[in-house]
Amino acid sequence: IFSGISVFSLLAIPFFILAGNIMNKGGIAIRLINFAKLFTGNIPGALAHTNAVANMLFGAISGSGVATASAVGGTTIPAMKEEGYPDHFAAAISGIAAILGPIIPPSITLIVYASITDLSVSKLFVGSVIPGILMAVGLIIYALFYGKKNDLPAHERKSAKEVLLIFKDSIWALLMPVIILGGIFGGIFTPTESAAVAVVYALLVSLLIYKDIKIKDIPGIFVDGAISTATILLLVGISKSSGYVITTSGLPHQVLEVFSSFTNSTVVILLLLNILFLVIGMLMEANAAIIMMTPILLPLLDAFGIDPLQFGIMMSFNLCIGLVTPPVGICLLMTNQIAGARFVQTLKSVLPMLLIGIVVLMLVTYIPQVTTFLPGLIK
């Protein structure tokens with residue numbers, strides 16, 4: 001168990017969780033939302049578009065769907081309800097937009113996958129950029145259609161002076177994802193080091209510039225981060241033992257034989273894997289699923305010539321969809337609770353957006369360039 005968590009790259013998990021907690025309580029999240037409004041204010045259903053953009057920005061720092069749902073949804077859902085949005089739609093768009101947190105780099109699920117497969121975390125992060133952008137664009141297009149159809153309110157275009165003031169107030173928050181992703185993609189520091197930089201930067205900005213948290217608030221923020229970290233790292237540590245048992249038992253070879261008995265087509269194998277992970281995502285937390293399934297399926301990837309990088313992003317994206325599918329669906333449950341909506345209505349509202357996620361998942365699955373183009377370009 002100790003050797004399972006004694007991995008340098010896993011240090012990124014507590015740091016990114018801690019950075020997300022500081023952002024949430026330190027005023028950085030609300031400033032990212034205010035900045036997002038500048039691009040969506042005069043469009044019907046403005047706050048729905050803001051939701052998608054803000055989740056992208058917050059996800060580029062936290063790497064967690066639950067943290068993103070809490071921070072962005074906790075602010076945008078009450079505002080949407082005040083402007084007359086249906087509470088079930090507000091919960092649905094906020095819940096599914098929150099999965100951009102673990103899809104847009106940095107992603108905790110991809111860090112866990114990298115620790116099991118020894119793949120480069122940086123390559124996985126770069127490869128997940130296009131899928132994340134495609135998902136966000138799909139949600140924005142749907143929100144535009146829904147906003148026009150239901151005559152949702154648009155906001156007045158802000159004056160140049162107001163834009164300048166909002167940008168000035170948001171600049172320190174906006175620099176955070178720029179520093180993190182720019183540092184990783186530019187090779188300035190590793191993803192683990194970038195997570196530590198994110199914590200230090202968030203603390204300095206929240207304490208000294210925005211002054212939204214006090215020194216006395218810091219112990220509570222650290223305790224919350226420690227609890228969330230312990231849950232994930234205990235799973236990762238135990239996976240070292242379970243992975244050894246799975247490998248020595250011959251289960252991966254048996255799984256390979258079962259899949260091979262169905263078909264020799266890589267296309268069909270990928271489809272079966274997607275169906276498998278969609279079901280698993282409904283029943284199990286994403287990190288636990290990655291820990292359990294990856295050692296079993298690695299021989300299958302080798303046998304059918306499936307790129308482990310593409311597969312990792314495909315599996316992570318698939319399991320992130322599970323964050324809004326019951327009975328687990330923790331992001332949707334959280335935003336539904338914030339909105340005070342009937343869960344059945346929220347489920348109906350989220351179905352068209354889930355279809356968008358499935359379409360993007362198919363693109364990731366069957367067009368390798370969606371995940372491999374940017375890593376190859378940077379290389």
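Look up a bit, the structure's there.
Residues numbered from 1 in each chain as written. Predicted model: local features only at pLDDT ≥ 70, side-chain atom pairs only at ≥ 80, totals over all residues. Heavy atoms only, no water.

Now for the overall build of the protein chain. Helix and strand content of the protein chain: 20 helices and zero strands. Here the protein chain has a C-alpha radius of gyration of 20 Å; the compact-globule value for 379 residues is 21 Å, and the two agree. If one aligns the C-alpha atoms of the protein chain with their principal axes, the spans along those axes are about 65 × 45 × 40 Å. Considering the protein chain as a whole, with its 379 residues, one finds that 53% of them fall into the buried category. Entry remark: accessible area of the protein chain is about 16,000 Å², with carbon and sulfur atoms responsible for 69%. Of the side chains in the protein chain, 18 bear a positive and 16 a negative charge, and the two mean positions are spaced by 7 Å. (Helix = DSSP H or I, 4+ residues; strand = E, 2+ residues; numbered from the N terminus. Rg over C-alpha atoms; globule rule 2.2 N^0.38 Å. Buried < 20%, exposed > 50% of the residue type's maximum accessible area, 1.4 Å probe, protein only. Areas by Shrake-Rupley, 256 points an atom, 1.4 Å probe, with all protein chains shown as cover. Lys, Arg positive; Asp, Glu negative; His and termini not counted. Charge placed at Lys NZ, Arg CZ, Asp CG, Glu CD.)

What follows concerns the pattern of salt bridges. Counted according to the given criterion, the structure contains three salt bridges. Across the salt bridge formed by D169 and R31, the nearest N and O atoms sit 3.3 Å from each other. Remark: R31 occurs in helix α3 (residues 28-40) and D169 occurs in helix α11 (residues 160-185); sequence separation between them is 138 residues. The class for D169 is partly exposed, based on a relative accessible area of 34%. Of the charged contacts, one joins R31 and D212 as a salt bridge, the two residues approaching to 2.9 Å between their closest N and O atoms. With R31 in helix α3 and D212 in the loop between α12 (191-209) and α13 (218-249), this pair connects stretches of sequence that are 181 residues apart. Linked by salt bridges that have partners in common, R31, D169 and D212 make up one network. (Salt bridge = Lys/Arg side-chain N within 4 Å of Asp/Glu carboxyl O.)

Let us now look at the packing of helix α6 (residues 87-97) against helix α10 (residues 129-149). Viewed as axis vectors pointing N to C, α6 and α10 meet at an angle of 165°, and their least axial separation amounts to 11 Å. Compared by their axis directions, α6 and α10 come out roughly antiparallel. Every pair of crossing elements has a handedness; the one defined by α6 and α10 is left-handed. Within the contact between the two elements, α6 uses H88, F89, I96 and A97 and α10 uses M135, L139, Y142 and Y146. Partitioning the contact of α6 with α10 into residue classes produces seven nonpolar, one polar and no charged. (Axes fitted to C-alpha atoms, helices over the stretch in contact; angles between N-to-C directions. Parallel < 35°, antiparallel > 145°, perpendicular 65-115°, else oblique. Left-handed = near helix turned anticlockwise from the far one by under 90°. Contact = heavy atoms within 4.5 Å. Nonpolar A, V, L, I, M, F, W, Y, C, P; charged D, E, K, R; others polar.)

Let's shift gears to the nonpolar core. F89, M176 and F311 are the most contacted members of the largest nonpolar core, which has 121 residues in total. If you tally residues by element for this core, the top one is helix α16 (residues 286-304), at ten residues. With sequence-adjacent residues up to four places away left out, F89 is seen in contact with A48, M80, Y142, Y146, L152, S349 and M353. (Core = buried A, V, L, I, M, F, W, Y, C linked by side-chain atoms within 4.5 Å.)

On to the packing of aromatic side chains, then. Throughout the structure, instances matching the rule amount to seven aromatic pairs. Measuring from ring centre to ring centre gives 6.5 Å for Y113 and F311, while their planes differ by 55°; the resulting arrangement is tilted. On the criterion of sequence distance, the pair formed by Y113 in helix α8 (residues 108-117) and F311 in helix α17 (residues 308-321) is long-range, its members being 198 residues apart. Each residue in the set Y85, F89, Y142, F145 and Y146 is aromatic and connected to the rest through ring pairs, giving one cluster. A cation over a ring is seen here: R31 above Y210, with NZ or CZ 3.7 Å from the ring centre. (Phe/Tyr/Trp six-rings, centres within 6.5 Å; stacked < 30°, edge-to-face > 60°. Lys NZ or Arg CZ within 6 Å of the ring centre and 35° of its normal.)

For the rest of this paragraph, the subject is unusual backbone geometry. Between P105 and P106 the backbone carries a cis peptide bond, its omega angle lying at 0°. Tracing the chain through its elements places P106 in the loop between α7 (100-103) and α8. Phi angles above zero are rare outside glycine, and D151 is one such case at about 55°. Looking at the secondary structure, you find D151 in the loop between α10 and α11. Overall, D151 belongs to the exposed group, its relative accessible area being 68%.

Time to look at the environment of F35. Relative to the helices and strands, F35 resides in helix α3. Taking the C-alpha atoms as reference, F35 lies 27 Å from L333; in sequence the two are 298 residues apart. Beyond its immediate stretch of four places on either side in the chain, F35 contacts L57, I166, F167, S170 and L174.

Inspection of the secondary structure puts L164 in helix α11. Residues L164 and T346 lie 182 residues apart in sequence; the distance between their C-alpha atoms is 37 Å.

An ideal rise of 1.5 Å per residue puts 16 Å on twelve residues; helix α14 (residues 251-262) measures up with 17 Å between its terminal C-alpha atoms. Taken together, the buried positions of α14 are occupied by P252, V255, L256 and F259. The buried residues of α14 all sit within an arc of 100° when viewed along its axis, so they share a single face. (Expected span 1.5 Å × (residues − 1). Arc of directions from axis to C-beta.)

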